[in-house]
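Now for the letters of each chain:
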Amino acid sequence: KLRPHIEKAFSDATGRELRIAGDLQLDLLPTLTLLVEDLSLANAPWGSAPDMVKIGHFSAAIDLWSALSGPAVIEDIKLENASLLLEQGPDGEANWEFAAAAEEPAEPAPPRDGGAGSLPAMIRHAQLSNVSVVYRAAGQDEQRVMIDDLTLAPGQDDNLALQGKGTVLQQPLSLDGTVGPLDELEARGAVAFNLKGRLGPLKVRLGGQTTRLDPLTGSSVAAVLTADELADLMKLARLDLPLRGPIQVDADLAQLERGANLQLKARFADID
């Protein structure tokens, strides 16, 4: 009964047609749960495709008490078979600019009290599958990011385990690592992370910690970027340079009381 009213209210507010062809369900107790299937949002009239957004399945379950007291604890969130098309026309007009919203700009939000430094929301489990983002601009090559599968789930030692794979700019992408611990992250935004990934020929290892994310304090990050052949990276960046050989870059970033300290060490072939 509410579906046509929701579609009309959203369409009136944005100037774009919203369609919900599948299930639409909202449960308040015992967990705040939202389910939407077969949703689509129309593209700008000048766009290259009829729809800007298409979602096959979206669901979220939020602990009701946490939503009232904060931070909101999202017990589970799923996004499947979704696509987002971002476009810019020859005159610079963008399809993410909504005419109705532009006529009545929103009032700036008041600064949020950081409180004890806790995050506004915590995600305990998330899964994305078959999700794509495409960017098209006049006179430029299409850029596409594809997430085949991305999972965030409770792992060992009260950490969140992150695993994913996909494609970025026609290069295979993989990601694996941990973030946590959950109790510290939920209580005050403190987090330690250990991630590794690969984008085509580029391999990345990232580790570090912060004592508080909001605002960012006490952070330190160590990153290592390696590639077996620099020429492959040059091709990825669409550069044609006569350089060959392996490359490795080590970076250490530490936040100080005033400013930050960055140390870089690089090795290319036999050059340090």
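Structure shown above.
Let us look at the structure shown here. (Residues numbered from 1 in each chain as written. Predicted model: local features only at pLDDT ≥ 70, side-chain atom pairs only at ≥ 80, totals over all residues. Heavy atoms only, no water.)

### Details of the layout of surface pockets
Here the largest pocket defines a volume of roughly 370 Å³. In terms of lining, the largest pocket is formed by Gln140, Asp141, Glu142, Gln143, Arg144, Thr167, Leu169, Gln170, Gln171, Lys235, Leu236 and Arg238. Every element with two or more residues in the lining of the largest pocket is listed here: β8 (143–154) and α5 (230–236). Within the lining of the largest pocket, the residues separate by chemical class into 2 nonpolar, 5 polar and 5 charged. (1 Å grid on protein atoms, 1.4 Å probe; cavity = no way out; pocket = protein on both sides within 12 Å on 5 of 7 lines; lining within 4 Å. Points joined across faces, edges and corners; volume = space filled by probe spheres on them. Helix = DSSP H or I, 4+ residues; strand = E, 2+ residues; numbered from the N terminus. Nonpolar A, V, L, I, M, F, W, Y, C, P; charged D, E, K, R; others polar.)

### Considerations on the side chain of Asp51
On the secondary structure map, Asp51 appears in strand β4 (residues 51–63). Taking relative accessible area as the criterion, Asp51 reaches 18% and is therefore assigned buried. A polar atom in the side chain of Asp51 sits 2.6 Å from the side chain of Arg19. Excluding its chain neighbours within four sequence positions, the residues that come into contact with Asp51 are Arg19, Ser40, Leu41, Ala42, Asn43 and Leu85. (Buried < 20%, exposed > 50% of the residue type's maximum accessible area, 1.4 Å probe, protein only. Polar contact = N/O pair within 3.5 Å; in protein donor to acceptor, adjacent residues only side chain to side chain. Contact = heavy atoms within 4.5 Å.)

### A word on the side chain of Ser129
On the secondary structure map, Ser129 appears in strand β7 (residues 126–137). Overall, the relative accessible area of 15% leaves Ser129 in the buried class. Ignoring anything within four residues of it in the chain, the contact list for Ser129 reads Leu79, Glu80, Asn81, Ile147, Asp148 and Asp149.

### Digging into the pattern of salt bridges
Taken as a whole and assessed by the stated rule, the structure comprises 8 salt bridges. One salt bridge connects Glu142 with Arg136, and the closest N-O pair in it is separated by 2.7 Å. Taking the shortest distance from any N to any O, the salt bridge between Glu229 and Arg244 comes out at 3.7 Å. Of the two residues, Glu229 is situated in the loop between β15 (220–227) and α5 and Arg244 in the loop between α5 and β16 (247–255); the sequence distance between them amounts to 15 residues. When its relative accessible area of 60% is taken as the criterion, Arg244 is described as exposed. Because the salt bridges share partners, they merge into one network encompassing Glu17, Arg19 and Asp51. (Salt bridge = Lys/Arg side-chain N within 4 Å of Asp/Glu carboxyl O.)

### Re the nonpolar core
Formed by Met122, Ala126, Leu152, Leu160, Leu162, Leu182, Leu185, Val191 and Leu195, the largest nonpolar core amounts to 9 residues. At the level of secondary structure, the elements contributing two or more residues to this core comprise β9 (160–168), α4 (182–188) and β11 (191–199). Not counting chain neighbours up to four residues away, the residues in contact with Leu160 comprise Ile123, Arg124, Leu152, Ala153, Pro154, Gly155, Gly177, Thr178, Val179 and Leu182. Core analysis: the second largest hydrophobic core is formed by 6 residues, Leu202, Leu230, Met234 and Phe268 among them. (Core = buried A, V, L, I, M, F, W, Y, C linked by side-chain atoms within 4.5 Å.)

### A short note on a nonpolar patch on the surface
On the surface, Leu2, Ile6, Leu24, Leu26, Leu28, Leu29 and Leu34 cluster together into a nonpolar patch covering about 670 Å² of accessible area. Assignment of secondary structure puts Leu34 in strand β3 (residues 31–42). Residue class for Leu34 comes out partly exposed when judged on its relative accessible area of 31%. (Patch = residues over 30% accessible without salt bridge, like charges linked within 9 Å, V, L, I, M, F, W, Y side chains within 5 Å. Areas by Shrake-Rupley, 256 points an atom, 1.4 Å probe, with all protein chains shown as cover.)

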